[in-house]
Amino acid sequence: MTIHPRITSMEFGLSDGSTCVVREAVASDLESIVALLVDDPLGVSRESADEMDRYRAAFEDISSDPRNLQVVVVHGDAVVATLQLTFIPGLARGGALRAQIEAVRVDAQWRSRGLGGALIRWAIDEAERWGCALVQLTSDASRTDAHRFYTRLGFVDSHVGYKMTLGTTT
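This is a predicted model, so every value here is computed, not measured.

Visitor: What am I meant to see in the pattern of salt bridges here?
Guide: It is possible for side chains bearing opposite charge to pair when their charged atoms get close. A full pass over the atoms with the stated rule returns 8 salt bridges. In this structure, Arg105 and Asp40 form a salt bridge, with 3.6 Å as the shortest nitrogen-oxygen distance. A residue pair is termed long-range when its members are at least 10 positions apart, and Arg105 in strand β5 (residues 97-106) and Asp40 in the loop between α1 (30-38) and α2 (43-46) qualify at 65 residues. Just as Arg105 is buried, Asp40 falls in that class too. Linked by salt bridges that have partners in common, Asp40, Arg105 and Arg143 make up one network.

Visitor: Whenever I open this one, the confidence of the model for the protein chain confuses me. Can you help?
Guide: Detailed conclusions should not be drawn from predicted coordinates in areas where pLDDT is low. When pLDDT is averaged across the protein chain, the result is 89; 95% of the residues are at 70 or more. Confidence, expressed as mean pLDDT per element, reaches its minimum in the protein chain at α2 with 74 and its maximum at strand β4 (residues 78-89) with 97. Counting contacts from residues 1-5, a segment whose pLDDT is below 50, to residues more than four positions away or on other chains yields 5 contacts.

Visitor: I would appreciate a short explanation of the sheet that holds strand β3 (residues 68-75) in the present structure.
Guide: In sheet architecture, strand pairing relies on hydrogen bonds along the backbone and comes in two forms, parallel and antiparallel. Strands sit in the order β1-β2-β3-β4-β5-β6 across an open sheet of 6 strands; the sheet is mixed. Only two strands of the sheet have a single partner each, and these edge strands are β1 (10-13) and β6 (134-137). Shown here is a sheet whose adjacent strand axes are inclined to one another by a mean of 25°, direction ignored. Of the pairings in the sheet, the one linking β1 to strand β2 (residues 19-24) comprises 4 bridges and is antiparallel in character. Bridge assignment links Met10 to a residue of β2, and that residue is Val22. Against the sheet, helix α5 (residues 115-130) makes contact with β1, β2, β3, β4, β5 and β6, and its axis sits at roughly 30° relative to β4, the strand it touches most.

Calculation rules
Residues numbered from 1 in each chain as written. Predicted model: local features only at pLDDT ≥ 70, side-chain atom pairs only at ≥ 80, totals over all residues. Heavy atoms only, no water. Salt bridge = Lys/Arg side-chain N within 4 Å of Asp/Glu carboxyl O. Helix = DSSP H or I, 4+ residues; strand = E, 2+ residues; numbered from the N terminus. Buried < 20%, exposed > 50% of the residue type's maximum accessible area, 1.4 Å probe, protein only. pLDDT = per-residue confidence, 0-100. Contact = heavy atoms within 4.5 Å. Pairing = 2+ DSSP bridges. Axes fitted to C-alpha atoms, helices over the stretch in contact; angles between N-to-C directions.

Rendered as structure tokens:
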């Protein structure tokens, strides 16, 4: 498997002695990524592994966009975590580039081992490598455990976010 040179892969150890690798996702990872999205209290009602064509199209869009990265954490051949990292150019902050972290998921069996923290620290390091002035993320208001997790990692609850759900597309 060839890792795209636009990201830095990283191997890291976890608190239980396991070793994992974060790398750019490839098409063969997609079913595992979708399974992580579905196996989530919020995702169970808005994701469906029965609609893989839509996920394949979105994955192709992400993979072909040089400012978007879908990454996975693997243990052996198993995908155990994922996130999407998007680099957003802007005029604010003197034309600063920012990184947006989205859709962070860690397999339930792999939580509380340091994997999520290692993945987010990797994303922060990658944002710095790209020259970003800041890294941002949103978290659903109901995810209080996630809020504590992000605060421990140094994120500041500094803004109020708004979203509007639009009609689905085919």
